[in-house]
Amino acid sequence: MTFDRLKADPKIGRAEALRQATLAYLNDASSPRDAYPAFWGPFARVGEGAAH
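Residues numbered from 1 in each chain as written. Predicted model: local features only at pLDDT ≥ 70, side-chain atom pairs only at ≥ 80, totals over all residues. Heavy atoms only, no water.

Colleague: Honestly, the pattern of salt bridges in this entry has me stumped. Any pointers?
Modeller: Note on pairing: side chains with opposite charge can pair once their charged atoms come close. Evaluation of the coordinates by the stated rule reveals one salt bridge. For the salt bridge of Glu16 with Arg19, the shortest nitrogen-to-oxygen distance reads 2.8 Å. Of this pair, Glu16 and Arg19 are both found in helix α2 (residues 14-26), three residues apart, which corresponds to roughly one turn of the helix. (Salt bridge = Lys/Arg side-chain N within 4 Å of Asp/Glu carboxyl O. Helix = DSSP H or I, 4+ residues; strand = E, 2+ residues; numbered from the N terminus.)

Colleague: Is there a simple way to explain the environment of Ala24 in this structure?
Modeller: Locating Ala24 in the fold gives a position in helix α2. Discounting residues that sit within four places of it in the chain, Ala24 has contacts with Met1 and Arg5. (Contact = heavy atoms within 4.5 Å.)

As far as function goes, none of this settles anything; it's purely spatial.
Structure below.
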């Protein structure tokens, strides 16, 4: 999902693509247990917030 967002809009940068993918994952009503941090917590955004 992160790479799909980057492919759709390369200007957003890797950190923003991961943020958007994480939020989409958390808000997915088809599997509410995915909101539990053990499923998404290991992924961190470090570094740039947008493409240069």
